[in-house]
Amino acid sequence: MFRKKNLATFNVSPKAAEKIKSVSRHPKFPTLPSGKISSGKVVSVQKVTASGKSILHLVKAHSLFLGFILVLLVGMIVGAIAAKNADENLLSQLDFLFASNFKARLNQPAGNTFVASLASSFLFLFVIFLSGCSLWGCLSIPLVTFFRGFGLGILTGYLYYSYGWHGFLFHLLVVLPGMFLSSIGIAYGGEKSMRLSLRLLTAQRKENTGISINFKQYFFYMGKACMIITSAALLDMICTACFSGLFQL
């Protein structure tokens, strides 16, 4: 009965009564502004989901390019294992294919290093280019790419096995930057050549004249690959000029 009585019966002023009501109705726990935390969580979850989808979509879109990178890596691993039985005579014989004569870098002019590196990469890219214009290029392009990685792996393994940490540092500072960029160019060219070869093979099997072959675009793609390997040769020359003098191999 006491709780049900009106506050006005106790001669309390209206302002005091409003204060008492506000205090009595104050919730046990403070209320948080609606939507701030929940919406933040939703936005963060959406960002993570969107980023995951974009990465997955990017991998699917460039799966063939990543496949050629994997072929190069496998070839390098096999070549590094085979390098246990390699010697300097073998490296000098393979120099025109892989620019593997690393001792020549220590004495020859920087321009010779640029020409040797560019010629080595261009030779493989030219074979890949011709293979892309044939029906059976889809079989030869992975083999050419693997052989490229195999030769680079022989040079890498020989430096490690023969010179230890000095060979490792020499490879890291002098050889690896240009090798990495040239491998990207070879993989890029292999991807575009493989797509064209598969397209030609599909058109031949189905005898479908509706399949368009854009050779102009193909030449444009291979031109980009040439720009990449040229940049790799330039980087190879710069690294050789800057760091080769630090080593006595």
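**Q** In this structure, what is going on with the overall build of the protein chain? I would like to understand it.
**A** Counting its regular elements, the protein chain contains 8 helices and 0 strands. Each helix and strand of the protein chain, placed in order from N terminus to C terminus, yields the pattern α-α-α-α-α-α-α-α. Taking all 249 residues of the protein chain together, the buried fraction comes to 32%. Look at the contacts in the protein chain between residues 6 or more apart in sequence, and 80% of them connect residues 24 or more apart. Of the accessible surface of the protein chain, which amounts to about 15700 Å², a share of 68% is contributed by carbon and sulfur atoms.

**Q** Whenever I open this one, the state of the cysteines confuses me. Can you help?
**A** In a disulfide, the sulfur atoms of two cysteines are held together by a covalent bond. If you walk through the whole model with that rule in mind, you get 0 disulfides. Here cysteine 242 stays free of any disulfide, with the sulfur of cysteine 239 as its closest cysteine sulfur at 6.9 Å.

**Q** Explain the packing of helix H6 (residues 110-132) against helix H8 (residues 215-243) here, please?
**A** Helix-helix packing is described using two parameters, namely the angle between the two axes and the distance between the axes. Where H6 meets H8, the axes come as close as 8 Å, and the angle between the chain directions of the two elements is 155°. For the element pair H6 / H8, the angle class is roughly antiparallel. As H6 packs across H8, the resulting crossing turns out to be right-handed. Residues Ala110, Gly111, Thr113, Phe114, Ser117, Leu118, Ser121, Phe122, Leu125, Ile128, Phe129 and Gly132 of H6 form the contact with H8, whose own contacting residues are Tyr218, Phe219, Met222, Ala225, Cys226, Ile229, Thr230, Ala233, Leu234, Asp236, Met237 and Thr240. Here the contact of H6 with H8 is composed, by residue class, of 16 nonpolar, 7 polar and 1 charged.

**Q** Any chance you could explain the pattern of salt bridges here in plain terms?
**A** Think of it this way: side chains of opposite charge can pair up when their charged atoms draw near. A complete count under the given rule lists 1 salt bridge for this structure. Across the pair glutamate 191 and arginine 195 runs a salt bridge, and its minimum N-O distance is 3.3 Å. Here glutamate 191 and its partner arginine 195 are both found in helix H7 (residues 137-206), 4 residues apart, which amounts to about one turn of the helix. Classification of glutamate 191 by relative accessible area gives buried; the value is 4%.

**Q** Quick question: what am I supposed to make of helix H3 (residues 63-82) here?
**A** What sets the pattern is the α-helix's 3.6 residues per turn: residues three or four places apart point alike. When the terminal C-alpha atoms of H3 are compared, their 29 Å separation across 20 residues agrees well with the 28 Å that a helix rising 1.5 Å per residue should span. The set of residues buried in H3 consists of Phe65, Phe68, Leu72, Gly75, Met76 and Gly79. Along the long axis of H3, the arc covered by the buried residues comes to 100°, so they all point the same way. Facing away from the buried side of H3, by more than 90 degrees, are the exposed residues Leu70, Ile77 and Ile81.

**Q** Explain the packing of aromatic side chains to me, please; I cannot follow it from the model alone.
**A** Two measures describe an aromatic ring pair: the distance that separates the ring centres and the angle between the ring planes. Evaluation of the coordinates by the stated rule reveals 17 aromatic pairs. Seen from their ring centres, tryptophan 165 and phenylalanine 168 are 5.4 Å apart, and the 85° between their planes marks the pair as edge-to-face. You can see tryptophan 165 and its partner phenylalanine 168 sitting in helix H7, 3 residues apart, about one turn around the helix. With relative accessibility at 67%, the residue tryptophan 165 sits in the exposed group. Residue classification places phenylalanine 168 among the partly exposed positions, given a relative accessible area of 30%. Plain terms: the ring middles of tyrosine 188 and tyrosine 221 are 6.5 Å apart, the flat faces sit at 85° to each other, and that makes the pair edge-to-face. Of this pair, tyrosine 188 sits in helix H7 while tyrosine 221 sits in helix H8, placing them 33 residues apart in sequence. In textbook terms, an aromatic cluster arises when at least three aromatic residues are bridged by ring pairs, as seen for Phe102, Tyr158, Tyr163, Phe170 and Phe247. Lying across the ring of tyrosine 221, lysine 192 places its NZ or CZ 4.3 Å from the centre.

**Q** I'm lost on the environment of serine 100 in this one. Help?
**A** Take serine 100: it is sitting in the loop between helix H5 (95-98) and H6. For serine 100, a relative accessible area of 2% translates into the label buried. The spacing of serine 100 and leucine 152 is 52 residues in sequence and 7.7 Å in space, taken between C-alpha atoms. Ignoring sequence-local partners within four residues, the contact set of serine 100 consists of Leu91, Leu94, Asp95 and Leu155.

Cut-offs and rules
- Each chain carries its own residue numbering, running from 1 in the direction its sequence is written.
- It should be noted that, the model being predicted, local features are given only for residues of pLDDT at least 70 and side-chain atom pairs only at 80 or more, the latter also being counted only at that level, while totals for whole chains, interfaces and linings use all residues.
- Hydrogens and water are ignored here; the side-chain numbers use all heavy atoms of the structure.
- Helical segments are the DSSP runs of H or I of at least four residues, strand segments are the runs of E of at least two, and each set is numbered from the N terminus.
- Each residue is placed in one exposure class: buried if its accessible area under a 1.4 Å probe, protein chains only, is under 20% of its type's maximum, exposed if it is over 50%, and partly exposed if it falls in between.
- Two residues form a contact once any of their heavy atoms are found within 4.5 Å.
- Areas reported here follow the Shrake-Rupley algorithm with a probe of radius 1.4 Å; residue values treat only the protein chains shown as occluding.
- Two cysteine sulfur atoms form a disulfide, by the criterion used here, when they sit within 2.5 Å.
- Each axis is a line fitted through C-alpha atoms, and for a helix only the stretch in contact is used; angles between axes span 0 to 180 degrees, taken between their N-to-C directions.
- Note on angle classes: values under 35 degrees are labelled roughly parallel, values over 145 roughly antiparallel, values of 65 to 115 roughly perpendicular, and the remainder oblique.
- For any pair of crossing helices, the crossing counts as left-handed if the nearer helix is rotated counterclockwise from the farther one by less than a right angle, and right-handed if it is rotated clockwise.
- Residue polarity follows a fixed list, in which Ala, Val, Leu, Ile, Met, Phe, Trp, Tyr, Cys and Pro are nonpolar, Asp, Glu, Lys and Arg are charged, and the others, Gly among them, are polar.
- For this analysis, a salt bridge means a side-chain nitrogen from Lys or Arg found within 4 Å of a carboxyl oxygen belonging to Asp or Glu.
- Residue count minus one, scaled by 1.5 Å, sets the expected span of a helix.
- Here, the arc refers to the directions that run from the helix axis to the C-beta atoms.
- Between rings of Phe, Tyr and Trp, where Trp is taken as its six-membered ring, a pair exists when centres lie within 6.5 Å; planes separated by under 30 degrees are stacked, by over 60 edge-to-face, and by other angles tilted.
- Geometrically, a lysine NZ or arginine CZ counts as sitting over a ring once it is within 6 Å of the ring centre and also within 35 degrees of the ring normal.

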